[in-house]
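# Observations on the three-dimensional arrangement
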Amino acid sequence: MTLTSDAAAIELNETLASGHDRLWQGLGECGTWWSGAERVAAIAEARQALRCELCKARSEALTPAMVAGDHDCVSALPAPAIDLIHRLTTDPGRLSNDWALRVIDAITEEAYVELATVICVQYVIDSFNRCLDLPLRDLPLAGDGSPSQVRPDGVGDVGAWVSQAVDKSLANVSRAASLVPDTEILWREVVQMHYSRGAQFADLVWDRGLSRPQVELLASTVSALNECFY
Amino acid sequence: MTNGDLLVRYAESAVRGDSDLPSVRKEVELAVGTHGLIEAAATVSAFEGLNRLADATGIQLDAGLADESADFRTALGLDSYSGAASTTSQGSPGRAADVMGIFR
């Protein structure tokens, strides 16, 4: 059997497919710091980043800062937000704290984390479809409402570029988006669905389509290609 | 590792968007089955996202992770990655007793 359609994938893994349906629409809902329309625009912008000439030139340069210019954008989002979306999509291994602080100064720390989290969930789902040669999903419908702009309690400086939950019971990567809990839910769900799967994460032997060593080999290869230190 | 070379080729081709992705995908499906291929796609895509969120938020290595990797990070060139600047502790070489111990 070959994977040539969404229907085949749904037949093979209904949980994953229905989970993607739910998460994808969640990306289009109104967030805490960005409206539904802005989040949908961000997803369109992330797809556009893969065709952006500036991003292509920067990714080939010794450092991204060597190449000035404007992104080939498709949205009316603020320029710092567009830069975040494009760089996170196309050159994540060379983001810097100075650059992040400039974006945060322009759009706020909370908006930065929410936008980054939306783009990461979107990237996981789009990447999954590209990996299996499935068509990319249509953009989600934009939900109504206005961002509440409520910062959660229990977050602060724990040594990252952005505030996170100060409760250290979770791994740093597991609380990376804790500044925006309503969007963090989508992030945690997609990671659980694709990789960690609850209590299974602590087991060294997995009863899946691949063994745990095979899964970790894939994970390490992707992380090395992206030059991700964590 | 069984099919290790093939899985690495799949991950490389998928992340880079190489033109040989369709043929490598077929090889993977033949070797590990359709569910294995879906598992591979789920893992590759999960880490495409995990890498990006870790890099965008500048998180530090957890203490256990710094210890676990202290004796091979430099040898593998990991300390030269841009994101290494986010972590202040180099860690002391050591092995965690279990998976969760890595993230203490």
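A few points on the structure. Because the structure is predicted, anything quoted here is derived from the model rather than measured. (Residues numbered from 1 in each chain as written. Chains lettered and ligands numbered in written order. Predicted model: local features only at pLDDT ≥ 70, side-chain atom pairs only at ≥ 80, totals over all residues. Heavy atoms only, no water.)

### Considering the packing of helix α3 (residues 36-49) of chain A against helix α5 (residues 79-90) of chain A
Residue and element names in this part refer to chain A. Direction vectors running N to C along α3 and α5 enclose 50 degrees, while the axes themselves pass 9 Å from each other. Classified by the interaxial angle, the pair formed by α3 and α5 is oblique. Of the two elements, α3 crosses α5, and the hand of that crossing is right-handed. Residues A42, E45, A46, Q48 and A49 of α3 touch α5, and the partners they reach there are I82, I85, H86, T89 and T90. Taken together, the residues of the contact of α3 with α5 break down into 5 nonpolar, 4 polar and 1 charged. (Axes fitted to C-alpha atoms, helices over the stretch in contact; angles between N-to-C directions. Helix = DSSP H or I, 4+ residues; strand = E, 2+ residues; numbered from the N terminus. Parallel < 35°, antiparallel > 145°, perpendicular 65-115°, else oblique. Left-handed = near helix turned anticlockwise from the far one by under 90°. Contact = heavy atoms within 4.5 Å. Nonpolar A, V, L, I, M, F, W, Y, C, P; charged D, E, K, R; others polar.)

### Observations concerning the packing of aromatic side chains
The full count for this structure, using the stated rule, is 4 aromatic pairs over all chains. An angle of 70 degrees between the planes, with centres 5.8 Å apart, marks the rings of Y195 of chain A and F201 of chain A as edge-to-face. Comparing Y195 of chain A with F201 of chain A shows no difference in burial state: the two are buried. Members of the aromatic cluster, joined through ring pairs, are Y195, F201 and W206 of chain A together with F47 of chain B. Above the ring of Y123 of chain A, the side-chain terminus of R130 of chain A is found at 5.3 Å from the ring centroid. (Phe/Tyr/Trp six-rings, centres within 6.5 Å; stacked < 30°, edge-to-face > 60°. Buried < 20%, exposed > 50% of the residue type's maximum accessible area, 1.4 Å probe, protein only. Lys NZ or Arg CZ within 6 Å of the ring centre and 35° of its normal.)

From the geometry alone we can't say anything about function, so treat these as descriptive.
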